[in-house]
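# Architecture and fold: a report
This is what each chain is made of:
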Amino acid sequence: MLELKKKAIIISLGLVAFLLLGTMACVKQSTKKSGKDLLTSKAKTKNSAPSVADKSALATLPDGKIARIDTLPLTDSTLADSAIIKANMAIADSLAADSLSNPDDLQNDVKYTAEDSTIMDVVLKQVHLYGNAEVNYGTINLKANYIRLNWVTNEVLAHGTYDSTSQKTIGEPIFQDGPETYNTKEIRYNFKSKKAIIRGIVTQQGDGNVRGDRVKKDTEGNFYIQKSIYTTCNLTHPHYYINAPKIKMVNKKQVISGPFNLVIADVPLPIVIPFGFFPFPKKKEAGTSGIIFPTYGQEPNGRGFYLRDGGYYFAISEYINASVTGQIYSTGSWGLGVATTYSKRYQYSGNFSLRYNKNRSSDEVLNLRGLGGTSDFNLVWSHAPKPRGSSTFSANVNIASNNYNSLQETNAAKYTANVASSSIQYNKTMGQYLRAAASLRVNQNFGQRVGTSNVKVGGKTNISSDFSFGVNQIAPFALNGGRSRWYDSFRLGMDFSGNYTLTNSITLIDTSYTRLGFRVDNKIRKATDSTGATIPLTLPFNIANLPEFAKDAQFTGTYSIPISLPNFKIFRFINLTPSMSLSGQIYTKQYQYTFKGGNTVHIDTLNKIGNQYSYNFGAGVNTRFYGTFFVRGKRLEAIRHTVIPTLSYTYTPDFTGDNYGFYQTVQINELGETKKLSRYNGIGTGVSNGRATSVISFSLNNSFEMKLKSKSDTAAAQFTKVSLLDNLSFGGNYNLMADSLKLSNITVNANGRIGKNLNINFNANLDPYAYIADPVYRTNTTGIRVNQYAVTKGQGLANLQNLGFTLGTSFSPKKSDKTKPAATTTGLPDANVTEEQREFIRRNADMYVDFNVPWNLSLNYNFGLTKPGLSNATLIQAINATGDLSLSTNFKISVTTGFDFTAFKPTITTLTLYRDLHCWDMSFSWTPFAGSASRVSNYNFILKVKSSILQDLKLTRRRSFQDRAAY
């Protein structure tokens, strides 16, 4: 029995020894495989070569010996780290592609480092990284103070560690997947499934950032976040945020939220929104397509309750976007609009918008009278090319109906504007000498209101198309570069331009017998009709009236050959410049006159092309001399006066002869008296008589400057020049061959700067001839200009026709030498401003508020006097002030005001407060004086988030002049 027990014990010990040996072999084999799975996806190599797993388990010790990693003493962390790093480097160098790879293997190498220590747990198949640890796997990068790698599950766990010195957690995980970065408190990530469980996430998405308590990430990159907030404030403790129990962050596209409410300054608002949708704008696009939420409000005395500017935004591509918006009012008014912006780097950029409004008044009395409705439109197009190549195309179009600004705009500068201009231009240069250009221009004057109505009438519109072709001046006698001969400076060129103008402003022709000396039997437009009533000056600009406008329209082509003749010196100080020019016009219509007996003439219009030209000869002399008045004061040394006199003469031959064909000799009465009438310019006012002219022109330019001693003691002998008056000029001309009134008006102009900040401008127009009362038309308050000088009639040296005087100055603090940050804008985030946005800000500086400027002030005084003939003088006198003041770093006040001394009341006054609330913008604008009874005062208040993706999240209360007007 005892022997039997001994045999059993021996057999049992043998089995145990066998199991232990087998287990140890399995453990070693498993260790090799797990290390391979973790460190590389390359599984097998040829049998004749050492396996990758074997190499991964080997390390070179400091003494040069080779040892296995799993046999290294883990207590020596420095040695273990060095061995692991070298082993990883050896693996990276020796791995090769394997066609028999295991589908469960990872697709990339997992590389890891740690500054403190790296501990490998062979039994649990884990690697522990301590101190600024970092793991890289493909495009994934993970940094944390502690990271644990699991070889079996292919998972990584990271979190921060508690620092007893600072008594806070340091080294919290930062997980980066491609361009996306996530700040977390703890993360558990699976390399194979790409799923993750995160605690305490903070990630930037577009202009906003998402924060959450517990997060799950699926294989498609979607995040499911609990106890989340969404905000565009980048502070650790945000000023505002959207609070939602659950949100889903779709991979790099948008945030979708369930019920949420807005929290401002830690105060939750009681309004709960059932769901939310926040798109992420892509970097290479103009945004993300989505709904534009409308603003709401009321016009109590106008169109009633409204929803404005709601619609849809289309992010078509990175080069172009578009939006369609509309508005609706409770009284039945409505409007539609489409807008788009486009840009192509290094080539062009622009924007286009078209808006239409159908207005119906809330006043039923006006509706019954047919005065309660209008149709308004506005077309805006701006195209700015980048300078490149030999041709450029640009457009600046702003076309609107007469009442659009006054009824639709709420900005004071826009609803007070009464004119608009548009132009489309194309320019082309061909080689060194040839050039061409074409343009289309529209000039509008919106007219004036009649009575108490808010509708403007009498608007004028001029549409003109122009083209030109030219040859730059060349020197034909100096083509080989010679300049030694006097005639080498002879130059000539050529210019041709065409113009066609269409206008709704009717040309009234003075066909009175007193002026013409005969009567016209045609039914042409006269200043008065058969009953003596004045006819309208303008007609509505529409298709029905186009034939009427075409009667005044005529194509006119103008050509000229500019010639530059050599200059000569006379007595070394006088410049003599001869001149010669040739110019002409091409017309598409001609007039033919027929005497009908008595004193009546009939006028026929012929559609026939004709040419009228003229040429002239002349010469001019000028010189320059100086006069100095020495003061020799404490600082003022002297005053210097510079005088530049100019005298020129021009002769134009008589072109009224029958051999030219420009004028027709017409009998005007039974006595046989004749008169020469223009075949191209008709009998309208201001038509040249085509007779010979011999004109002497003169001008006298003056400038004054003073010489001051320098304030510096070390530079006592140095002087500085200060301008007193940049220019004081007089000018006019005298026609030797005129029948009467040979001397023209005398013009006086002056401009200069007093000190460093005071600018002065002055202009005047003086009439040297006398005026007498009109003996026929008593209503003519101007009188009649007679061929007698005013001084001979006791009317002074000359009659002052008009005078203008402007005095302006500006003040601002001296620029700091320190580099200041970029300007704060009211519509763009402070950070991450692109170069395109900066360029837009530079072009539209008035749209933004710069808090870096502490204060500035501009003052302008304007005085104007108009007194034609004997009429009473009309005065315009006003002072305007514009300035702003930064009350604090983020609080600014801006004021624009003035006073009209003629009307003795304030001009348009606007008071605006700006407040930069970091992630919010606040502005309050108040217009207490609008300058007109038809435009009552208005105010508006706006509080909005700066982010471009949260522009609809704003609080706005607006009250404008429209609340009291008819619309």
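Structural notes, computed from the coordinates. Source: prediction; values computed, not measured.

With 44 residues, the main nonpolar core has Leu129, Val135, Ile147 and Phe223 as its most contacted residues. Beyond its immediate stretch of four places on either side in the chain, Ile147 contacts Val127, His128, Leu129, Ala133, Glu134, Val135, Leu142, Val156, Leu157 and Ala158. Counting residues in hydrophobic clusters, the runner-up holds 10 residues, among them Leu516, Val601, Leu677 and Ile683.

This structure, assessed with the given rule, holds seven salt bridges. Between Arg691 and Asp739 there is a salt bridge, with its nearest N and O atoms 2.8 Å apart. One end of the pair, Arg691, is in the loop between strand S45 (674-678) and strand S46 (693-709); the other, Asp739, is in the loop between strand S47 (719-735) and strand S48 (746-754), and 48 residues separate them in sequence. When its relative accessible area of 48% is taken as the criterion, Arg691 is described as partly exposed.

Ordered by their spatial adjacency, three strands build an open sheet running S35-S40-S39, and the pairing between neighbours is mixed. With one partner strand each, in any of the chains shown, strand S35 (519-520) and strand S39 (590-595) form the two edges of the open sheet.

The subject of this paragraph is the environment of Val127. Among the structural elements, Val127 can be located in strand S5 (residues 126-137). Each C-alpha atom, one on Val127 and one on Val156, is 9.6 Å from the other, the two residues being 29 residues apart in sequence.

This part is about the side chain of Thr809. Along the polypeptide, Thr809 turns up in strand S52 (residues 799-811). The class for Thr809 is buried, based on a relative accessible area of 15%. Of the polar contacts made by the side chain of Thr809, one reaches the backbone oxygen of Asn757; its length is 2.9 Å. Those residues in contact with Thr809, other than ones at most four positions away along the chain, are Asn757, Leu758, Leu857, Ser858 and Leu859.

Moving on, we get to the pairing of strand S11 (residues 180-183). Here S11 shows a buried face lined by Glu180 and Tyr182 and an unburied face lined by Thr181 and Asn183. For strand S10 (residues 174-177) and S11, the ladder comprises four bridges, and the chain directions are antiparallel. Bridge pairing in S11 links Asp177 to Glu180. In this sheet, strand S13 (residues 196-205) lies alongside S11 in antiparallel orientation, the contact comprising two bridges. Directly across from Asn183, in S13, lies its bridge partner Val202.

What counts, and where the lines are drawn
Residues numbered from 1 in each chain as written. Predicted model: local features only at pLDDT ≥ 70, side-chain atom pairs only at ≥ 80, totals over all residues. Heavy atoms only, no water. Core = buried A, V, L, I, M, F, W, Y, C linked by side-chain atoms within 4.5 Å. Buried < 20%, exposed > 50% of the residue type's maximum accessible area, 1.4 Å probe, protein only. Contact = heavy atoms within 4.5 Å. Salt bridge = Lys/Arg side-chain N within 4 Å of Asp/Glu carboxyl O. Helix = DSSP H or I, 4+ residues; strand = E, 2+ residues; numbered from the N terminus. Pairing = 2+ DSSP bridges. Polar contact = N/O pair within 3.5 Å; in protein donor to acceptor, adjacent residues only side chain to side chain.

These figures come from the coordinates and say nothing about function on their own.
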